[in-house]
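Tertiary structure, described
Take a look at the letters that make up each chain.
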Amino acid sequence: MKIINKIILFYLVLFMSIPLFAEQTTKQCFSEYLDSKAHFINENKFDKFDFSNILADNRIKFLGYIGANYHRLHINFDNVKKISRSKYIVSGNYKITGEARPFNGEIQITKIKKYTNFNYGVDDFMKGKINAQGIALATYFIKGETEKFQAKGYMLTRWYIDNDAKLLYDDISEDEDMYANNLFCGECEVGKIQTRPCAWGHYRIPNSGDLDMGAGEFSPNPKYLGNGWSDFNKDE
């Protein structure tokens, strides 16, 4: 009986620690890209939301890195489709060196949060035009189709609903220095190399240490230019 009780206790601690770890990791990766004055309430009515268009938004290329030396990671989503109330399948391509290669995978929305105090942007230009606003948190897993490549971790996307009840990519505060969206933070495996940190996002890269030296916008640290960033200003 004592052994059974210990086993039950072990699994209780395990299942309680997983959400706590996820919450801590999310804060570590994304906190600097959220308004410190923002207040949230949970809005987990997943059926009301379809984030496909927001996740597939390609108005700007993803900025990304892989490894502790911040080697540049090119990644692109070609297609995102909602297949259940909270799960999306995704396909696209990535490039570390050489040619771009295809991948596929899935994104699982785990939490939807609504702001209780809206961000209306510069000079409150969106005041009266927002019905709801918030963030969605998710886990993701993607895998290369032609070589051993996989990435997994956590994602954050910012959204708002306009007065026509349309769910939109939240670019309202894009003029702010640390604005970013569609942020992915986790770890990657490539070939026989052990797991390494990786991250990507729109406008900024989460959890990127001293890679980003830009004030008003992303700018790679000169000491990492040899790691795939030397032509950054030419192709962005």
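This text follows the structure it describes.
Structure report, in brief. Residue indices begin from 1 for each chain and proceed along its sequence in written order. Predicted model: local features are reported for residues with pLDDT of at least 70 only, side-chain atom pairs are reported and counted for 80 or more only, and whole-chain, interface and lining totals are derived from all residues. Side-chain numbers here rest on the full set of heavy atoms in the structure, without hydrogens or water.

**Side note on the pattern of salt bridges**
Heads up, the rule is: A side-chain nitrogen of Lys or Arg and a carboxyl oxygen of Asp or Glu constitute a salt bridge if their distance falls within 4 Å. Secondary structure elements follow DSSP: runs of H or I no shorter than four residues count as helices, runs of E no shorter than two count as strands, and numbering proceeds from the N terminus. Categorising residues by exposure relies on relative accessible area from a 1.4 Å probe, with only protein chains included: less than 20% of the type maximum marks a residue as buried, more than 50% marks it as exposed, and the intermediate range marks it as partly exposed.
Under the criterion given, the structure shown has eleven salt bridges. With a closest N to O distance of 3.9 Å, Lys-87 and Glu-106 form a salt bridge. Taken together, the positions of Lys-87 in strand β5 (residues 87-95) and Glu-106 in strand β6 (residues 101-115) put the pair 19 residues apart, joining distant regions of the chain. Residue Glu-106 is classed as partly exposed on the basis of its relative accessible area, which comes to 32%. With its nearest N and O atoms 2.9 Å apart, the salt bridge here joins Asp-210 to Lys-223. Placement of Asp-210 in the loop between β11 (193-202) and α3 (232-235) and of Lys-223 in the loop between β11 and α3 is noted, with a sequence separation of 13 residues between them.

**Digging into the packing of aromatic side chains**
This is how the line gets drawn: For Phe, Tyr and Trp, where Trp contributes only its six-membered ring, two rings pair if their centres lie within 6.5 Å, and the inter-plane angle classes them as stacked under 30 degrees, edge-to-face over 60, or tilted in between. Whether a charge sits over a ring comes down to the Lys NZ or Arg CZ being within 6 Å of the ring centre and within 35 degrees of the ring normal.
For the structure on display, the rule yields 18 aromatic pairs. Between the aromatic rings of Phe-118 and Tyr-120, the centroid separation amounts to 6.0 Å while the plane-to-plane angle is 80 degrees, which identifies the pairing as edge-to-face. Judged by centre distance (5.3 Å) and plane angle (75 degrees), the ring pair of Phe-218 and Phe-232 falls under edge-to-face. Taken together, the positions of Phe-218 in the loop between β11 and α3 and Phe-232 in helix α3 put the pair 14 residues apart, joining distant regions of the chain. Phe-232 matches Phe-218 in its accessibility class, with the two residues each being buried. Taken together through their ring pairs, the aromatic side chains of Phe-62, Phe-77, Phe-103, Tyr-140, Phe-184 and Trp-200 make up a single cluster. The ring of Tyr-169 is capped by Arg-59, whose NZ or CZ atom sits 4.0 Å from the centre of that ring.

**Here we look at the side chain of Ser-52**
What counts here: Polar contact is defined as a pair of N or O atoms within 3.5 Å, subject to the rule that within protein one atom must be able to donate a hydrogen and the other to accept it, and that residues adjacent in sequence are counted only when both atoms are side-chain atoms. Contacts are assigned to residue pairs that have any heavy atoms within 4.5 Å of one another.
Along the chain, Ser-52 falls in helix α2 (residues 52-55). For Ser-52, the side chain forms a polar contact with the side chain of Asp-50, separated by 2.7 Å. In terms of polar contacts, Ser-52 uses its side chain to reach the backbone amide nitrogen of Lys-82, at 3.3 Å. Ignoring sequence-local partners within four residues, the contact set of Ser-52 consists of Val-80, Lys-81, Lys-82 and Tyr-88.

**Observations regarding the pairing of strand β2 (residues 63-66)**
Worth spelling out the cut-off: Between any two strands, at least two bridges found by DSSP are needed for them to pair.
The alternating pattern of β2 places Leu-63 and Tyr-65 on one face and Gly-64 and Ile-66 on the opposite face, and all of these are buried. Pairing geometry for β2 and β11, over four bridges, is antiparallel. In the strand pairing of β11, Tyr-65 is matched with Ala-199. As judged from the two bridges shared by β2 and strand β3 (residues 71-72), these two strands associate in the antiparallel manner.

**Regarding the nonpolar core**
We apply this condition: Put simply, a nonpolar core is a bunch of buried Ala, Val, Leu, Ile, Met, Phe, Trp, Tyr and Cys residues held in one set by side-chain atoms that sit within 4.5 Å of each other.
Ranked by internal contacts, the top residues of the largest apolar core, which has 36 residues, are Phe-51, Phe-77, Ile-107, Ile-109, Trp-159 and Trp-200. Within the residue set of this core, elements represented by two or more residues are α2, β4 (74-82), β5, β6, β7 (130-144), β8 (149-162), β10 (181-190) and β11. When residues no more than four places from it in sequence are discounted, the contact partners of Phe-77 are Leu-55, Phe-62, Val-90, Ser-91, Gly-92, Phe-103, Ile-107, Phe-184 and Trp-200. Tyr-115, Leu-137, Tyr-154 and Ala-180 belong to the second-largest nonpolar core, a separate cluster that totals twelve residues.

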